Every structure is written in structure tokens, then in C-alpha cells.
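Below are the chains, spelled out letter by letter.
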Amino acid sequence: MKIRLAVLVVLLVTFAASSAMADVVDFNGIPNGTVINNYYTGVTFSCVGCGLDGTGPNIYARGDGTSNVVSLFGTGLPFFDARWGGIRATFDTAQSVVAINAQAVLPPEYLGTPTNKPWLQAFDASNNLLGTVYYPINYGDAGFGTFQTLTFDAGSNVIAYVQFSSQHTSGPAVYGNFDDLTFRTQGTVPTVPEPAAIILFGTGASALLLRKRARK
């Protein structure tokens with residue numbers, strides 16, 4: 001009986017953790033310039049509309065290994081805008097919510113008032129655009145240039161892939177840095193395991209153990 005209850009504790013805690021977790025790709029822990037097209041389980045990265053200035057077909061992790069971003073470029077600066085293309089993340093299983101951290105980056109030579117912004121777009125399996133999320137802070141406002149989370153919530157598991165880049169229209173360029181791709185299916189939450197849920201399951205299972213011992 002002790003073995004059964006111990007197994008129950010493990011199963012309950014594991015269930016609480018797994019049911020509360022999203023998949024997060026932080027691009028860290030690998031050398032600068034690593035090709036990540038098929039590196040991560042559950043998602044494939046590819047280049048969309050690329051081919052200029054050496055971009056495509058690969059996608060790279062860029063940084064010092066402990067704090068990387070994702071980029072079209074294997075060398076040089078990691079940020080980019082739509083002139084060089086965008087990054088597509090295609091999921092093995094359709095997702096309900098997808099998010100990525102985006103940073104607006106101004107080139108040192110900018111003039112005028114920038115209006116372009118980094119963006120995230122979600123698509124279904126028939127290549128229909130489900131929606132676009134833009135960097136939420138305007139140039140000149142507090143917080144512009146910080147990382148902000150762009151989140152698209154479809155409400156059901158219909159997101160087959162997302163694309164992200166930064167706008168390039170007329171006017172000063174605004175590049176995008178991108179990090180921490182998060183994706184989850186309906187019924188999970190976009191956080192690490194909920195401590196309260198784990199404690200609840202663990203406490204319940206522990207109570208069963210104590211009750212069994214008290215009967216002896």
C-alpha cells in the first residue's frame with residue numbers, strides 16, 4: 001500500500017505540473033549562430049520572404065549563449081525588419097495561444113518620427129490570417145524600446161503557424177528583436193507549474209499517507 005500511495009503522490013504532482021505548463025522556446029543554452037530550424041521539439045522555424053543580404057533559408061539563435069534571441073542572420077546584428085523577411089514558426093500540433101517577446105530597435109541614423117512596429121501574425125492550416133498583434137508602445141512614449149509580449153489568443157486549437165518581423169513602410173526604420181516564443185493548446189495555462197496546484201495535490205496525497213500510518 002505504501003508503494004501505491006507513493007506512486008499516487010508522484011503521479012498527482014506530475015499531472016499538476018504538466019497540465020499547467022506551456023511550451024517555451026527561449027533560444028538560450030546554445031552557441032551564437034546555431035541553426036535552429038528543427039532544433040526544438042514541437043516547432044519548426046523557417047524564413048519567410050527572405051533572400052536579401054544573405055538571409056534565408058536558416059534561422060539562428062543569436063547572443064552569448066545564456067541570453068539569446070532569434071534572428072534571420074547568422075552573423076552581425078540580430079534584429080531585422082520586413083525588408084529582410086520574417087520568421088515563421090510552424091507547430092507540430094495546432095495551438096490555441098501563441099506569444100513572443102518583441103523589442104523595437106531604432107537604427108542609430110534614424111530621422112523623423114518612427115511609426116513602424118514589430119508584429120506577430122497567426123495563421124490557420126488553410127493559410128488564413130487569424131490576426132495580427134503589434135508592438136504596443138509608440139515612439140516617444142515611456143517604455144518604447146523595451147521587450148513587450150505580443151500575444152495572440154485564438155480561443156481554440158487552430159493556430160498552425162505564426163510569423164513575426166517588423167513593419168517597413170515609408171519613414172524611419174524600426175527593427176525587431178524577438179525572444180521567448182511561448183505556445184500552448186486550449187486547457188493549459190501559459191506559466192510554469194502552478195505552485196498552489198502542486199501543493200494542493202501533494203498535500204492531499206500526503207494526507208492519505210498519514211491516514212494510512214495512523215491506522216497501524
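Not measured: the values here are computed from a predicted model.

Criteria and thresholds
- Residues numbered from 1 in each chain as written.
- Predicted model: local features only at pLDDT ≥ 70, side-chain atom pairs only at ≥ 80, totals over all residues.
- Heavy atoms only, no water.
- Core = buried A, V, L, I, M, F, W, Y, C linked by side-chain atoms within 4.5 Å.
- Buried < 20%, exposed > 50% of the residue type's maximum accessible area, 1.4 Å probe, protein only.
- Helix = DSSP H or I, 4+ residues; strand = E, 2+ residues; numbered from the N terminus.
- Contact = heavy atoms within 4.5 Å.
- Phe/Tyr/Trp six-rings, centres within 6.5 Å; stacked < 30°, edge-to-face > 60°.
- Lys NZ or Arg CZ within 6 Å of the ring centre and 35° of its normal.
- Pairing = 2+ DSSP bridges.

### Some words on the nonpolar core
Argument step 1. Grouped together as the largest cluster of nonpolar side chains are 40 residues, with contacts concentrated most on Phe27, Ile36, Val43, Phe45 and Leu181.
Argument step 2. For this core, the secondary structure elements donating two or more residues are β3 (43-48), β6 (86-95), β7 (97-105), β8 (118-123), β10 (147-153), β11 (159-166) and β12 (175-184).
Argument step 3. If one sorts the elements of this core by residue count, β7 sits on top with five residues.
Argument step 4. The residues touching Ile36, leaving out its near neighbours within four places in the chain, are Phe27, Ile30, Phe45, Ile59, Tyr60, Ala61 and Val70.

### Points about the packing of aromatic side chains
Argument step 1. Within this structure, the stated rule accounts for 13 aromatic pairs.
Argument step 2. Each ring, one from Phe73 and one from Trp84, has its centre 6.0 Å from the other, and the planes form 80°; the classification is edge-to-face. Here Phe73 is found in the loop between β5 (68-71) and β6, whereas its partner Trp84 is found in the loop between β5 and β6, with 11 residues between them in sequence. For the pair shown, Phe73 and Trp84 are each scored as buried.
Argument step 3. Here the guanidinium or amino end of Arg88 rests over the ring plane of Tyr161, the centre of that ring lying 4.3 Å away.

### Let's talk about the pairing of β7
Argument step 1. Of all nine residues that make up β7, nine are buried, and the element is covered over most of its length.
Argument step 2. Every second residue of β7 is oriented toward a common face, with Val97, Ala99, Asn101, Gln103 and Val105 on one face and Val98, Ile100, Ala102 and Ala104 on the other, all of them buried.
Argument step 3. By the bridge criterion, seven bridges tie β7 to β10 in an arrangement that is antiparallel. Among the inter-strand pairings, Ile100 is bridged to a residue of β10, identified as Leu150.

### Observations concerning the pairing of β8
Argument step 1. With six of six residues buried, β8 lies mostly within the body of the structure.
Argument step 2. Judged by which residues are buried, β8 turns out to be covered on both faces: Pro118, Leu120 and Ala122 on one side and Trp119, Gln121 and Phe123 on the other are all buried.
Argument step 3. Judged from the five bridges that link them, β8 and strand β9 (residues 129-134) form a sheet pairing that is antiparallel. If you follow Phe123 over to β9, its bridge partner there is Leu129.
Argument step 4. The loop that links β8 with its antiparallel partner β9 comprises five residues; one of these, Asn127, has a positive phi angle of about 65°.

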